[in-house]
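Coordinates in review
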Amino acid sequence: MDSGKLVHRRKPDFPVIRPRASDKKQHIPEVGVKSLELGKVIRLLEDPLTANLKERHLFVLKKLLKRSQIGFLLKELTCIAKILNICAEKVTDHPEYVPILCEALHICRLPFLKEKASDELNYAQDAIEFLSHMGCLMRVSHAEVRQQTVESVKSFYSCVAPKQLIDGLQPTSPGYRLQLLERSELAQTLLLSLAALENQPAIKLQLLHTLQILSRSSDMNCASILNARGAETICLHMNEPDPSGQVLFRSSEILWNLLERGSKEVTAQLSSMECVISLKEAFLQQLMNGSRNSDLHLRNDLLVITTLIAESPSSLLIESLFAKQLVVLATFPELKSSNPLVRNLKLAYNNEDLKMKKLLLNLLVLMSKDFAALQLYKEESVMLALLTLVKPPAASSQRRSASLQWSSVQQRELQLQALATVCTIAPLMLADYMTHKGSTCLLLLLDQCIAQDAFFGQGHGSHDGLRRGSMKAQMRHCIRVLRSVTSLGEDSVNQDFCDQGTINQFLGILMQMEASPDEEDVLTLEIKSDIQLILSALCENDMYRKELFGSEVVEMAIHFLKKGCDKFYSGLGHNTLILSTVDCVRSCIVGCYTTEDYFLAKEGACLLLDLLRSSPRCVHCNVLATLLELCDNPNTLSHILSWRDAGGQTAPRFLLQLWRDEEEELKVSRNRDGGIADPQRPIISQYHQEDAQLSFPANIPSAAVLEVSENLRLKIYSIFCKLGFQDLPGLSRKDYATLSIVRRYLSFKVGEVWDEIRRELSSDGVRPITPDEEALSTICKFAEDTARRVAAEQNSILEQQQKEDIGEEELMYTEIKSHWKQRELIAKSWDRYVSKTSNYEILKEVKAQREKYQDAAVHPTEHFVGQVMSVERAGAQGPAGVKLILARAPIKAAGQDQVGATSQDPEYFSTVSVKD
C-alpha cells in the first residue's frame, strides 16, 4: 500500500461542531457534511483496505463521540447503530474498542436530538432499530460494556437533563424514548442475555433490576418478555449462587409484574417440572433459613406464585412432590409429625406466618380438584388438622397448647379460613369427616357462636361491633359447611345431624334471628337461607321428619311467606331467602298430608298464590312447581278456588293470564284476540321453530322436549288438570278462549313431538315404512284438526262475547234515551208551572179546574215519569224490539216541599206518556 495514500487518508479531519447560524442556507450544507462524515466512518471501518487500521479507527471514533457529547441525532441513529455493531465485533480481538462502546452507551443516556418537530415521527423506526441493536451489545463479554448497557437502559426511566444544546437542536420528549423502547426488542434481548451472566453476578443483579423496571412500567414490555418465555427463564435462574441475596428477590418481583399483566400465560410457563422444582427449592430455602421480615415476605410471595400455579389443571405440584411438603406444612403445628421438614421448624407467630398459614389452607382448596391430592390429604390427616383449627379453644387441650402462640384475632382468622377450607374438602372426604366427628365439632362451634353473640341476647351481652360481626361470620361459615355436607343426601350424615337435634336447633336460631330488632344485612340473610336449605335437605326424603317437625316448619314457612317480595331486588339476599323458603315448603311440608293440612289451615296455599302474584318472573317456576305438588292434597283445591287478589281476580283467571304472558314471552303465534293463528303450530314458539330446523343426536333431548321444562305452560296445565276445566269462577270470554288451548295442551304437545320426529327423519333422508308413515301422517293430521276445532271454538266464544257487548251497548243507549226523555218532561212541566205565575188567565184556568175536582170529590190522579228497571228483548229488531219495565216516580216541582200537599198543582203533575 502506498504510504502517500495513507497520509492522504489521515489528512482530512472532522470539524468541531460550532453554534449554527440561523440562516437556512448555512444550516443545510452542515447537515449534509455530517451525514457524509458518518458514511466515511463506516467505510473506514468496513473497507478491507482500512479494516486493520486500529489507531486510525480509534482516532476517528473518538472524534465522532466528542462531537456527539450532547446526544445522538435521530437521523444519525441508523449509522451510529451500524458503527457500534462493527465495534462490538472487533472487541473480541481488540479490547481497545471497549472504551469506545462504553462512551457511546454513556451518551445513549441522554435524550435523542431532533432538528425539526417532524423528526420524531420520521425517524421513529430508525430509533426502534437502534434500541434493539443497543440490547445486542450484551453479547460483548466485557463487563464494562454490559454494565454500561444495563445502566443506559435504566436511565431511560430517570430524568437525565440534556447538556447545553447547539442552536437549532432540541431534545426529544421524555416519554418518546420509552414508547420506542416498548416497540423494540430491547426487553426481550436483555432477558435472553441473562444466561450469559453466570460468571458476572453483579451485572446479573443489575440486569434483573432493569428487567424489574421494564416489567413494572409497561404491558408491552411484559408481553415482549413473555414472548421470549421470560417467566420460565427467570424462574430457572433465580436459585443460582448469589452472594448478595438479591437475585431471588428481584426474580420474584419480575414474576409478580408478569403475573399482574398476563397471569394465564405466566402460569402456563411456570407449570413445567423444572420451574415447579425451582420454586420448591426457593420456597424451602426461605422457609428454613429466612428470619428477617423481608425474607418471610419473600417466602409468602413465592407461596402466592405457587398458588397461582395450582389453579392450572396442568400443574405438576403432586408429581414434583411439592404438594406433599405443602400439605405437611398446612397441618403444622396442629398435628405432630416426624417429617424432617417440620421437625425443627419454628414459627414466630407473626403476621407473615399467619399469611403463610392462610395461603397453605387456600392451597388445600385449589389442589383438592385432583383426586391424587385427596389421597394425599387422607395420608396426612388433613381433615383432622382442619377440624382442630375449627374446634372452640376449650374443646381440645391440644388446640389450647397449639393456640397459645396465636393471638385471639389470629385464631379467629385461622378459624374462618379453616371453615372455608372444610366447606370445599368435606364433601370430597366425607368418610374422614364422619370419622373425626365433623358434625359434632361444627355444632359445638355453632353453640359457642350463639352463646357469645349479643345478636341472640345471650352470653356476655357484648355490643362491640367487631366482636359481633366476627361471630356472625363464624356462624355463617359454619352453617355453610353444614349445608355443603347435608346437600349430598348421604343418609348416614343426615341421620347423624338429626340425632343431635339439629332441626330444632336450626329452627330456634332462625326464629331468634327473625325476632331480633336489628336490620337485616347480607350475612344475616345468607345464614337464614342456608338454614332453610339444610332443613330442606334433611326432610326432603324422610316422611318421619316431615311429620315430626312439620308444625314448627309450617310456622316458620308461613312467617317468611307473609313477608312477600317487596325487597326482592334490594341486593342484600332477599331473593335467595324467598327461593329457599319456597324450597323449604316443597321439601319439608309437601308430601305429608298431616303437615299439608296444617299448612293449608294457615292459608299457606293462598300465601303461595300471593307470592306468585307479586314475585318477578324468575320465581314463578319454583312457586308453581310447589303449588302443583301441593294440589295432590284434595283439600288444596278449595283454597285455590276461594283465593282472590287485591283486585278481586280469581286463581284460574290469574293462571290463565300467566299463560298468556308466557306465550307472549315465547312469541307464540296468536291472533289479535288471543286465538290460534296457525293450526299447524298451535303452541310452538318462535325460538323453537328456529331450533326445529336442526337435527339432534339421539342422546340429546329435542327442542320440543326441552321446551316442556323451560317454561311455565306444563305446570299451569297440570294445575288446571287438578282444578278441572268446568265451572271455574271469575273467567271472562277471553279467559275461556285461552282455557280451550290449555285444555288441549297435551294433545298439541304430542302432535308437536311427532311432527318433529317426521321432520328429523326427512332431514336425515330416512323414509319410514308405509304403515309407519301413514300413522305419522294420521297423528299429525289429528293434532292439526284439533287445533282447527279449538280455533273454531274460540271464534264462537268471541262472537258470543261480541253479541253480549252489542246488547250491553244497546241497553246503555236505551237508558240514556230514557234519561233524556225524562229530563225533557221535567223541563216541560216546569215551564207550565212557571207560566202560571206570569199569566193570570192560566192561573184562573188552573184554579177553576181545581175547584171542579174538589166539588167532584175525586182525587186527582198522580202523574209519574217512568224510570227503566229492566229490559227484555222481543223478536223485532231495533228499539221496537225492546220491552221496558218502568218504575213510577212522582215529579216534584221546585219549592214543592215548602208548599205542601194541598198546594200541589194538578196541572204540574199532568199525565205524560213515554213514546218513542
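Now for a look at the structure at hand. (Residues numbered from 1 in each chain as written. Predicted model: local features only at pLDDT ≥ 70, side-chain atom pairs only at ≥ 80, totals over all residues. Heavy atoms only, no water.)

Quick look at the overall build of the protein now. Along the protein, the regular secondary structure elements total 45 helices and 4 strands. For the protein, contacts bridging at least 24 residues in sequence account for 74% of all contacts bridging at least 6. Carbon and sulfur atoms provide 53% of the accessible area of the protein, an area that totals close to 46200 Å². (Helix = DSSP H or I, 4+ residues; strand = E, 2+ residues; numbered from the N terminus. Contact = heavy atoms within 4.5 Å. Areas by Shrake-Rupley, 256 points an atom, 1.4 Å probe, with all protein chains shown as cover.)

Helix-helix packing: each pair is described by the crossing angle between the helix axes and the interaxial distance. Running from N to C, helix α15 (residues 273–289) and helix α17 (residues 322–330) point in directions that differ by 30°, and their axes come no closer than 10 Å. When the axis of α15 is compared with that of α17, the two are roughly parallel. Of the two possible hands of crossing, α15 and α17 adopt the one that is left-handed. In contact with Val276, Leu279, Lys280, Phe283, Leu284 and Leu287 of α15, α17 contributes Phe322, Gln325, Leu326 and Leu329. (Axes fitted to C-alpha atoms, helices over the stretch in contact; angles between N-to-C directions. Parallel < 35°, antiparallel > 145°, perpendicular 65-115°, else oblique. Left-handed = near helix turned anticlockwise from the far one by under 90°.)

What follows is about helix α42 (residues 745–763). Two residues of an α-helix separated by three or four positions point the same way, owing to the 3.6 residues in each turn. The end-to-end C-alpha separation of α42 is 27 Å, in line with the 27 Å expected for 19 residues at 1.5 Å each. Turning to α42, its buried residues are Tyr745, Phe748, Lys749, Gly751, Glu752, Asp755, Glu756 and Glu760. At the exit of α42 stands Gly765, carrying a positive phi of roughly 75°. (Expected span 1.5 Å × (residues − 1). Buried < 20%, exposed > 50% of the residue type's maximum accessible area, 1.4 Å probe, protein only.)

Let's shift gears to the environment of Gly262. Tracing the chain through its elements places Gly262 in helix α14 (residues 247–270). For Gly262, a relative accessible area of 17% puts it in the buried group. The sequence separation of Gly262 and Ala223 amounts to 39 residues, and the corresponding C-alpha distance is 7.9 Å.

The buried fraction of helix α5 (residues 98–107) is high, at 7 of 10 residues. All of the buried residues in α5 are Val98, Ile100, Leu101, Cys102, Ala104, Leu105 and Ile107. In the core, the buried residues of α5 are packed alongside α3 (54–67), α4 (77–91), α7 (124–136) and α8 (143–155).

Between α3 and α5, whose axes approach to 11 Å, the crossing angle comes to 15°. Relative to α5, α3 is oriented roughly parallel. Note on packing geometry: the crossing formed by α3 with α5 is left-handed. The residues of α5 that touch α3, namely those facing Leu58, Leu61, Lys62 and Leu65, are Ile100, Glu103, Ala104 and Ile107. The class makeup of the residues in the contact of α3 with α5 is 6 nonpolar, no polar and 2 charged. (Nonpolar A, V, L, I, M, F, W, Y, C, P; charged D, E, K, R; others polar.)

Scanning the model with the defined rule gives 10 aromatic pairs in all. Seen in terms of ring centroids, Tyr349 and Trp406 are 4.7 Å apart; in terms of plane orientation they differ by 85°. Their pairing is edge-to-face. Of this pair, Tyr349 sits in the loop between α18 (340–343) and α19 (351–367) while Trp406 sits in the loop between α22 (397–403) and α23 (408–425), placing them 57 residues apart in sequence. Both residues of the pair, Tyr349 and Trp406, belong to the buried class. Three or more aromatic residues joined by ring pairs form one cluster here, namely Phe72, Phe112 and Phe130. Positioned above the aromatic ring of Phe112, the side-chain terminus of Arg177 is 5.7 Å from the ring centre. The ring of Trp659 has Arg713 lying over it, and the distance from NZ or CZ to the ring centre is 6.0 Å. (Phe/Tyr/Trp six-rings, centres within 6.5 Å; stacked < 30°, edge-to-face > 60°. Lys NZ or Arg CZ within 6 Å of the ring centre and 35° of its normal.)

Before going further, it helps to examine the environment of Gly245. With respect to the helices, strands and loops of the structure, Gly245 is situated in the loop between α13 (230–237) and α14. Note on Gly245: relative accessible area 44%, which makes it partly exposed. Taking the C-alpha atoms as reference, Gly245 lies 10.0 Å from Asp295; in sequence the two are 50 residues apart.

Our next topic: unusual backbone geometry. Pro333 follows Phe332 through a cis peptide bond whose omega is 5°. Here Pro333 shows up in the loop between α17 and α18. In this model, Lys437 sits at a positive phi of 55°, which is unusual for a non-glycine residue. You can see Lys437 is positioned in the loop between α24 (430–435) and α25 (438–452). The exposed category is assigned to Lys437, whose relative accessible area is 58%. In this structure, Asp727 takes a positive phi of about 55° despite not being glycine.

Taken as a whole and assessed by the stated rule, the structure comprises 40 salt bridges. Residue Glu526 is joined to Arg476 by a salt bridge in which the shortest nitrogen-to-oxygen separation is 3.0 Å. Taken together, the positions of Glu526 in helix α29 (residues 522–539) and Arg476 in helix α26 (residues 465–486) put the pair 50 residues apart, joining distant regions of the chain. Here Arg476 falls in the partly exposed class, since its relative accessible area comes to 22%. Where Arg660 meets Asp735, a salt bridge forms, and the shortest distance between an N and an O atom there is 3.0 Å. Residue Arg660 is found in helix α37 (residues 651–666), and its partner Asp735 is found in helix α41 (residues 733–743); the two are separated by 75 residues along the sequence. (Salt bridge = Lys/Arg side-chain N within 4 Å of Asp/Glu carboxyl O.)

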